Amino acid sequence: MNVIIAESYDELSKIAANIIAGQIKEKPDSVLGLATGSSPVGIYKELIAKYNAGELDFSKVQSVNLDEYVGLAPEHEQSYRYFMNVNLFDHVNIDKSNTRVPDGLAADTDAFCKAYDEYIDSIGGIDLQVLGIGPDGHIGFNEPDDHFTAGTHVAVLEESTVDANARFFESRNDVPKTAITMGMKGIMTAKKIVLVANGANKKDVLFKAINGDVTPRIPASLLQLHRDVTIIFSEK
Ligand code: GLP
């Protein structure tokens, strides 16, 4: 694991965006695994700036997102599809038909999850996966559990996750209690992983994920077994 301590959130975002930009330049048809949450917003701003400066071309890029709340339509302002459109896709020349976010309205979630994994396999797997980390050590919405779940699945959100994400909704009651998330296989088979975390409240869980036991109780700890992970942390 390559652990970088950045001086500020701006620096963290620039470092991560440079890694992603390098990936796209090296392989213009890269498959990017993308994440939501507040942590990657700065990365997406940097990527948009690079695109506007003529440094990046997203026309061949494909993307698959980690997760989506069950029950939220793509147009819902707190849906992760909406987040991706507003924070990145609407501002660069990515072909939206090459972007996938799990379907929070899928009628048959089991069939959807299976098809999502098959789709990821069919496009050759993920070249670079962007991750944040939840306060309980979750990645995507892979919550602490007795076991790791390999495939895309429906996760029941921990109370602490609902609490953490309530800031984005009008009230805590509006936060969906379940979500579709890529499983650990989709994440761990990505060729390269960049995890960003900022804020003092992420320090302890990140320390456990990096230095503690590999355990499904801290899902991010599984990243210790991956060959190419860069973790960028900024306390501010
Ligand atoms: C949500 C997302 C995660 C994200 C986490 C942390 O739970 N499903 O993918 O990493 O929030 O979010 P933030 O970066 O806002 O702290």
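What you are looking at is a predicted structure, and each value in this text was computed from that prediction instead of being measured.

The rules we used
Residues numbered from 1 in each chain as written. Predicted model: local features only at pLDDT ≥ 70, side-chain atom pairs only at ≥ 80, totals over all residues. Heavy atoms only, no water. Helix = DSSP H or I, 4+ residues; strand = E, 2+ residues; numbered from the N terminus. Phe/Tyr/Trp six-rings, centres within 6.5 Å; stacked < 30°, edge-to-face > 60°. Lys NZ or Arg CZ within 6 Å of the ring centre and 35° of its normal. Contact = heavy atoms within 4.5 Å.

*Asks:* Would you mind going over the environment of Ala115 with me for this structure?
*Replies:* As for its placement among the helices and strands, Ala115 is situated in helix H4 (residues 109-122). A C-alpha to C-alpha distance of 9.1 Å links Ala115 and Thr152, two positions 37 residues apart in sequence.

*Asks:* It is not clear to me how the packing of aromatic side chains should be interpreted in this structure. Could you clarify?
*Replies:* The relation between two aromatic rings is expressed through the spacing of the ring centres and the mutual angle of the planes. In total, this model carries 6 aromatic pairs according to the counting rule given. Relative to Tyr80, the ring of Tyr69 lies with its centre 4.9 Å away and its plane at 45°, an arrangement referred to as tilted. Of this pair, Tyr69 sits in strand S4 (residues 67-69) while Tyr80 sits in helix H3 (residues 80-87), placing them 11 residues apart in sequence. Geometry around Tyr119 places Arg100 over its ring, the cationic atom sitting 4.0 Å from the centre.

*Asks:* Would you mind showing me how to read the environment of Ala220 here?
*Replies:* Positionally, Ala220 belongs in the loop between helix H7 (203-211) and strand S10 (229-234). With 78 residues separating them in the primary sequence, Ala220 and Asn142 have C-alpha atoms 8.7 Å apart. Residues in contact with Ala220, not counting those within four places in the same chain, are Ile133, Gly137, Ile139 and Ala209.

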